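# Summary of structural features
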Amino acid sequence: GWDTPCLVRWGFSFDDVSHFILALNILLYCGHAQDVPQSVLTVSPSWTSPGDSVTLTCSVEPPSAGWRFFWYKAVPKGSIAYTYELLAGGTTGTEQDSYIIHGQTHTAGYKCRAGRGDPVFYTQNSDLKFVWSGGVNPAASLTVSPHRLQHFSTESLSLICEGNSAEWRVKKADEDGKRSICSKWGAMNGSTCNTDTRASSGVYWCESETQSSNAANITIHRESVTLHCRHGDQRKEKNADFYKDKTLIEMDTNHQHTHEITISLMSDGSSYKCRFK
Ligand SMILES: *[C@@H]1O[C@H](CO)[C@@H](O)[C@H](O)[C@H]1NC(C)=O
Ligand SMILES: *[C@@H]1O[C@H](CO)[C@@H](O)[C@H](O)[C@H]1NC(C)=O
């Protein structure tokens, strides 16, 4: 009610400056904001081959009884947003807290929420979860060049989209599920995203308004690594000398930690040794 304080959460992000798109989200909870339960979606398996079945499971936090479950598929809209299409089970929802998708053919995102009562009281929507397709879909495919799954941030990768669309977006989901598009870590040239040094590890895929490609889980190593020199007696913090190809090299000037050194992977191929003083 309007007599109770409202909690307003708002935020905006320029995810795609080149298109001047401003995503603005305003969440307004009045009254019992803490009482609105959250839906949590899990997908299994998260990687599929064309034709596999996928099970979506929706749970309510904190758990309680009497819910019906509503299932949504994400439909790309513009470069970063999605609209949500209600899956079968429809407006009345399903009694089961799981939903099986038969014949998953390509990468797709899903959300769920639960509702109960009349009028229906809904939980907050779950986060968007993706099911990644590892198999090639001729209508939409992603090719990574050079064709390796391990890369260094000092080299550019070409993420090439092909299929039934003239306008592709290359998207990435990082480990926390945070999504971004090519302009954050590279530049599009036609249907190809060429990455720059900002690119990092994650799952990459191509998307158009109607198609989604296979996805690739790409590991991108930063250009430096830290070597640790560990003394047998770990209670003693000792300083160490580091040698590169038998020559004493300068140490990291991190005073407390002269038992470790950060080296550039550009000097790959050298052998490193350490010795406690
Ligand atoms: C885009 O790709 C084409 C064909 O590979 C190339 O000739 C062109 O120089 C590229 N453009 C930019 C801006 O890199
Ligand atoms: C991607 O690969 C990394 C390293 O093998 C793994 O830890 C991670 O769970 C994978 N991500 C997904 C979404 O499968």
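Residues numbered from 1 in each chain as written. Chains lettered and ligands numbered in written order. Predicted model: local features only at pLDDT ≥ 70, side-chain atom pairs only at ≥ 80, totals over all residues. Heavy atoms only, no water.

Per an unreviewed UniProt entry, the recorded name for the chain is Ig-like domain-containing protein, and the organism is Gasterosteus aculeatus aculeatus.

Now for the side chain of K172. Its place among the elements puts K172 in strand 15 (residues 169-173). Looking at K172, its side chain comes within polar contact range of the side chain of S200, at 2.7 Å. The contact partners of K172, leaving out residues within four places of it in the chain, are K178, R179, S180, W185, S200, S201, G202, V203, Y204 and W205. (Helix = DSSP H or I, 4+ residues; strand = E, 2+ residues; numbered from the N terminus. Polar contact = N/O pair within 3.5 Å; in protein donor to acceptor, adjacent residues only side chain to side chain. Contact = heavy atoms within 4.5 Å.)

We now examine the site of ligand 2. The immediate surroundings of ligand 2 are formed by W47, W132, V203 and N217. Compared with its free state, where it exposes 360 Å², ligand 2 has 39% of that area covered by protein. Per-class residue counts for the shell around ligand 2 are three nonpolar, one polar and no charged. (Near = heavy atom within 4 Å. Areas by Shrake-Rupley, 256 points an atom, 1.4 Å probe, with all protein chains shown as cover. Nonpolar A, V, L, I, M, F, W, Y, C, P; charged D, E, K, R; others polar.)

Cis geometry marks the peptide bond from S44 to P45; its omega dihedral reads -5°. Note that P45 resides in the loop between strand 3 (38-44) and strand 4 (47-48). A cis amide bond, omega -5°, links E61 with the succeeding residue P62. Looking at where P62 falls in the secondary structure, it is placed in the loop between strand 5 (52-61) and strand 6 (68-77). With phi around 45°, D245 is a residue other than glycine that occupies positive phi space.

With that settled, consider the environment of W205. Summarising the element assignment, W205 is placed in strand 19 (residues 202-207). Here the alpha-carbon distance between W205 and A215, two residues ten residues apart in the chain, equals 4.6 Å. For W205, the side chain forms a polar contact with the side chain of E207, separated by 2.8 Å.

Our next topic: the sheet that holds strand 18 (residues 192-195). Read across the open sheet, the four strands follow the order 12-14-18-17; overall the sheet is antiparallel. The open sheet has two free edges, formed respectively by strand 12 (140-145) and strand 17 (186-189), since each of these has just one partner strand. Direction aside, neighbouring strands of the sheet carry axes that sit 20° apart on average. In this sheet, strand 14 (residues 158-163) lies alongside strand 12 in antiparallel orientation, the contact comprising six bridges. Bridging across to strand 14, S145 finds its partner in S158. (Pairing = 2+ DSSP bridges. Axes fitted to C-alpha atoms, helices over the stretch in contact; angles between N-to-C directions.)

Let us now look at the sheet that holds strand 19. Pairing in this open sheet of five strands is mixed, and the strands run 13-20-19-15-16 from one edge to the other. Edge positions in the open sheet fall to strand 13 (150-152) and strand 16 (179-181), since each of these has one partner strand only. Across the sheet, the axes of successive neighbouring strands diverge by a mean angle of 35°, strand direction being ignored. Note: strand 15 against strand 16, three bridges, orientation antiparallel. The residue of strand 16 that forms the bridge with K172 is S180.

Throughout the structure, instances matching the rule amount to ten aromatic pairs. Just above the ring of Y122 sits the side chain of R113; from NZ or CZ to the centre is 3.7 Å. The ring centre of W67 lies 3.9 Å from the NZ or CZ of R116, which sits over that ring. (Phe/Tyr/Trp six-rings, centres within 6.5 Å; stacked < 30°, edge-to-face > 60°. Lys NZ or Arg CZ within 6 Å of the ring centre and 35° of its normal.)

Let us now look at the state of the cysteines. The full count for this structure, using the stated rule, is three disulfides. There is a disulfide in this structure between C58 and C112, and the S-S distance comes to 2.0 Å. Because the sign of the S-S torsion sets the handedness, a value of about 80° for the bond joining C58 and C112 places this disulfide among the right-handed ones. Taken together, the residues C58 in strand 5 and C112 in strand 9 (residues 108-116) connect sequence positions 54 residues apart. For C58, a relative accessible area of 1% gives the class buried. Residue C182 pairs covalently with C193 via a disulfide, S to S 2.2 Å. Looking along the S-S bond of the C182-C193 disulfide, the torsion reads about 90°, which is the right-handed sense. (Disulfide = S-S within 2.5 Å. Buried < 20%, exposed > 50% of the residue type's maximum accessible area, 1.4 Å probe, protein only.)

The next point concerns the pattern of salt bridges. A complete count under the given rule lists five salt bridges for this structure. A salt bridge links E95 to R68; the nearest nitrogen and oxygen atoms lie 3.6 Å apart. One end of the pair, E95, is in the loop between strand 7 (81-86) and strand 8 (98-104); the other, R68, is in strand 6, with 27 residues separating them in the sequence. E95 sits in the exposed class, given a relative accessible area of 65%. (Salt bridge = Lys/Arg side-chain N within 4 Å of Asp/Glu carboxyl O.)

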